[in-house]
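Chain by chain, the residues:
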Amino acid sequence: MSGVSAKKEAPAAGSSSRPEPDWAAVRADFPALRQSVRGKPLVYLDNAATSQKPQVVIDALRQYYEQHNANIHRGVHWLSEQATIAYEGVRKKVARFINAPDPRECVFVRGATEGINLVAQTFGRKRIGKGDEIVLSTLEHHSNIVPWQLLCEETGAKIRVIPMNDAGELLMDEYAKLLSPKTKLVAVTHVSNALGTITPIKRIASMAKAAGATVLVDGAQAVPHQPVDVRDIGADFYIFSGHKMCAPTGIGVAWAPLALWNSLPPWQGGGDMISTVSFEKSTWAEVPAKFEAGTPNIEGVVGLGAAIDYLSAICMDRIAAREKILLQAMEAAILRVSGARLVGTAKEKAGVASFVIEGIHPHDIGTIADREGLALRTGHHCAQPVMTRLGLPATARASVAFYNTLEEAAALEAALRKVVEVFGG
Amino acid sequence: MSDLTDLYGEVILDHCKKPRNFRLIPDATHKASGANPLCGDHIQVYLKLDGDKIADIGFLGNGCAISRAAASIMTQELIGKTKLEAEELFRKYHAMVTRDMGKPYEGEDLGKLAIFAGVAEFPVRVKCATLSWHAMEAALKGGATTVSTE
Ligand SMILES: Cc1ncc(COP(=O)(O)O)c(C=O)c1O
């Protein structure tokens, strides 16, 4: 009954030779979407916050605990070997999925937030000092702002910010002016979670490199929605979360070239990250183990592997194309509601329709939509600088995934009409 | 729809659109601001006390329908009350909006404030309905210091 056969080995993320999937069957792979909420079918439009999980991912977790559960890298026994094979096998899948040259470059972390903190605490502490500058963009999620602020407090480095226009596009000329020999790091999002803007990340990266800076890309909203090729982008660090791409919570990936990882000090100390330990001195294990202290989230890794197989079987190009159609339908639905306007109208957008309705607070939109079965996000979306720049306290946000439907765009329109009706519009 | 109108009743919507006492009190003796960072709501409450009595009260700020209406109606209810009465009213109001879901409100008569009884069915909105009240309480507690430090 599965919409896609996810048993095959994952091909490279972008290959689009496969036929158009049966999207209704794909949707049926997601048990959570079959529910009703307050007597209405659930319309899940909060995918930028987290995605739903297909049955194959849920089954993979169950199968892991029923058949393969053991601690990894530790036992000589058969079961531990099985768990280790499963865990390291997923690292290879991740590498292929983002076109990383070497699986060892993919460090498992708890999510994008932890990945960015890992880089701030290792690369940042070692390479960024007083008088140095870190360039961020207005679009950043708080998780790509606060770790750098903490680092700046500690080291005396400074943050510079790439401004954006009213549409939510970064001002590249202004960016060029910010770059100088003082710039040690450029840390920018690939896709904005608040506005959906796809940033010109290749250009951002190449300009940073030309200025001698290291580049970190927050890929939390990109990897779930489009093919990502870290080599092509030219980033030094590329970071993303599993839970936004059909995998469980608590697992993510921080990628960097092997030489860069090798040049950094370890982060957390503990088991698995050492080579030898004595009370005088310990020596570090090789990358990636050096950055994976302690028993990791093995079930999360297994689930991430199943999610990558699942997405690859559909094909990321097809997912991106499907979501583009869905996003356009959502935006059109919003614009048909009187007093509604889109917030974030960049030429290049993915997945996210942020909006406001004249005279109605986003919170009230969210509550009334919820009564219609719709899951929308309202608030500042952990991107307060975006809201401040646009002079808005908050927005409502509908964010799509490939399993959404055009009927759900109609449901969004109907729910927003109800919002306006309640407010006597 | 019936449950929605519990929250977005006529009176609440009226106060949202035309908030009463939506003004700064230049010679306030007490003031405080309340923020709901997650929603981006922000409110300032101004009180002018005459002895122990609330002679005047106003508010300014930005927020959802519930928080605006709650602030507006709060100002109407508190004018003329003593500090102690205001605090007591907040206690009862708080108990009403935070009672268990699905339970009818059986507490003391809260007069006009009873229109917020429906908020209890929307737990995530409780903070909207109580933001201005928390600010009012902080203003009364902080007194003149709050005024001068701002
Ligand atoms: C653009 C962006 N960066 C980073 C994050 C943080 O991800 P996580 O909460 O999974 O660590 C998110 C998630 O909301 C995001 O949307």
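Residues numbered from 1 in each chain as written. Chains lettered and ligands numbered in written order. Predicted model: local features only at pLDDT ≥ 70, side-chain atom pairs only at ≥ 80, totals over all residues. Heavy atoms only, no water.

What follows covers the overall build of chain A. Looking only at helices and strands, chain A features 14 helices and 17 strands. The globule rule puts the C-alpha radius of gyration for 425 residues at 22 Å, and the 22 Å found for chain A is close to it. Principal-axis analysis of the C-alpha atoms gives chain A an extent of 75 × 55 × 40 Å. Sequence separation of 24 or more characterises 72% of the internal contacts of chain A that already satisfy a separation of 6 or more. Carbon and sulfur atoms provide 54% of the accessible area of chain A, an area that totals close to 16,700 Å². For chain A, the centre of its 45 positive side-chain charges and the centre of its 43 negative side-chain charges are spaced 2 Å apart. (Helix = DSSP H or I, 4+ residues; strand = E, 2+ residues; numbered from the N terminus. Rg over C-alpha atoms; globule rule 2.2 N^0.38 Å. Contact = heavy atoms within 4.5 Å. Areas by Shrake-Rupley, 256 points an atom, 1.4 Å probe, with all protein chains shown as cover. Lys, Arg positive; Asp, Glu negative; His and termini not counted. Charge placed at Lys NZ, Arg CZ, Asp CG, Glu CD.)

A word on the nonpolar core. Tyr238 and Phe402 of chain A are the most contacted members of the largest nonpolar core, which totals 79 residues. Ranked by the residues each element gives to this core, the list is headed by helix H10 (residues 298-314) of chain A, at 10 residues. There are two domains that each give this core at least three residues, and those are domain 1 (23-45 + 315-422) and domain 2 (60-312) of chain A. In contact with Tyr238 of chain A, not counting residues within four places along its chain, are His190, Val217, Gly219, Ala222, Val223, Val228, Val230, Ile233, Val253, Ala254 and Trp255 of chain A. Residues Ala32, Leu49, Ala86 and Leu140 of chain B belong to the second largest nonpolar core, which totals 74 residues. (Core = buried A, V, L, I, M, F, W, Y, C linked by side-chain atoms within 4.5 Å. Buried < 20%, exposed > 50% of the residue type's maximum accessible area, 1.4 Å probe, protein only. Domains from an automatic or database assignment.)

Looking now at the interface of chain B and chain A. On the side of chain A, 15 residues touch chain B, which itself brings 22 residues to the contact. Here chain B packs against chain A, burying approximately 1,500 Å² in sum over the two surfaces, 60% of which is carbon and sulfur. With a closest N to O distance of 2.8 Å, Arg125 of chain B and Asp364 of chain A form a salt bridge. At the level of elements, helix H1 (2-7), helix H2 (10-17) and helix H3 (65-78) of chain B are the ones that each hand at least two residues to the side of chain B that touches chain A. (Buried area = accessible area lost by both parts, 1.4 Å probe. Salt bridge = Lys/Arg side-chain N within 4 Å of Asp/Glu carboxyl O.)

What follows concerns the packing of H2 of chain B against H3 of chain B. All names here are of chain B. Closest axis-to-axis distance for the H2/H3 pair is 8 Å, and the angle between their directions is 90°. What the angle tells us is that H2 and H3 run roughly perpendicular. Of the residues in H3, those touching H2 at Val11, Ile12, His15 and Cys16 are Ala65, Ile66, Arg68, Ala69, Ser72, Ile73 and Gln76. Of the residues in the contact of H2 with H3, the class split is 7 nonpolar, 3 polar and 1 charged. (Axes fitted to C-alpha atoms, helices over the stretch in contact; angles between N-to-C directions. Parallel < 35°, antiparallel > 145°, perpendicular 65-115°, else oblique. Nonpolar A, V, L, I, M, F, W, Y, C, P; charged D, E, K, R; others polar.)

Our focus in this paragraph is the packing of helix H2 (residues 55-68) of chain A against H10 of chain A. All names here are of chain A. Contact pair H2 / H10: the axes reach a minimum separation of 8 Å and the direction vectors enclose 145°. The two elements H2 and H10 cross, and the hand of that crossing is right-handed. For the pair formed by H2 and H10, the contact residues are Val56, Val57, Ala60, Leu61, Tyr64 and Tyr65 on the first element and Ile298, Glu299, Val302, Gly303, Ala306, Ala307 and Tyr310 on the second. A per-class count over the contact of H2 with H10 returns 11 nonpolar, 1 polar and 1 charged. (Left-handed = near helix turned anticlockwise from the far one by under 90°.)

It is worth spelling out the sheet that holds strand E1 (residues 30-36) of chain B at this point. Residue and element names in this part refer to chain B. Here we have 3 strands laid out as an open sheet, ordered E1-E2-E3, and antiparallel in their pairing. Pairing within the sheet leaves two strands with one partner each, and these edge strands are E1 and strand E3 (53-62). Pairwise comparison of adjacent strand axes, ignoring direction, gives a mean angle of 15° for this sheet. Taken together, the 9 bridges between strand E2 (residues 41-50) and E3 define a ladder with antiparallel strand orientation. Bridge pairing in E3 links Leu49 to Ile54. Strands E2 and E3 of the sheet are contacted by H3, whose axis makes an angle of about 170° with E3. (Pairing = 2+ DSSP bridges.)

Residue and element names in this part refer to chain A. Close contacts around the ligand come from 13 residues, with Thr113, Asp218, Ser241, His243 and Lys244 the closest. Between an oxygen atom of the ligand and a side-chain N or O atom of His243, the distance comes to 2.7 Å. Among the residues forming the shell around the ligand, the class breakdown is 2 nonpolar, 9 polar and 2 charged. (Near = heavy atom within 4 Å. Polar contact = N/O pair within 3.5 Å; in protein donor to acceptor, adjacent residues only side chain to side chain.)

Negative phi characterises most residues that are not glycine, and trans characterises most peptide bonds. All names here are of chain A. The peptide bond linking Val287 to Pro288 adopts the cis configuration, its omega dihedral lying at 5°. Checked against the element boundaries, Pro288 lands in the loop between strand E12 (282-284) and H10. Look at Arg38: it is not a glycine, yet its phi comes out positive at around 50°. The residue Arg38 is located in the loop between strand E1 (36-37) and strand E2 (40-41) in this model. A residue is classified by how much of its surface remains accessible, and Arg38, at 47% relative accessible area, is partly exposed. Positive phi values are uncommon outside glycine, yet Asn99 reaches one of about 60°. For Asn99, the position within the fold is in the loop between helix H3 (78-97) and strand E4 (106-109). When its relative accessible area of 29% is taken as the criterion, Asn99 is described as partly exposed.

Looking now at the environment of Ala138 of chain B. Residue placement: Ala138 of chain B occurs in helix H5 (residues 126-142). On a C-alpha basis, the gap between Ala138 of chain B and Met101 of chain B in space is 28 Å, while along the polypeptide they are 37 residues apart.

Residues and elements named next belong to chain A. Across all of its chains, the model carries 30 salt bridges over all chains by this definition. In this structure, Glu372 and Lys40 form a salt bridge, with 3.5 Å as the shortest nitrogen-oxygen distance. Note that Glu372 is positioned in the loop between helix H12 (362-371) and strand E15 (374-375) and Lys40 in strand E2, a separation of 332 residues in sequence. Classification of Glu372 by relative accessible area gives buried; the value is 17%. Salt-bridge contacts for Glu114 lead to Arg110; the nearest nitrogen and oxygen are separated by 3.4 Å. For Arg110, a relative accessible area of 54% puts it in the exposed group. Residues joined in a network through salt bridges with shared partners are Lys40, Glu372 and Lys418.

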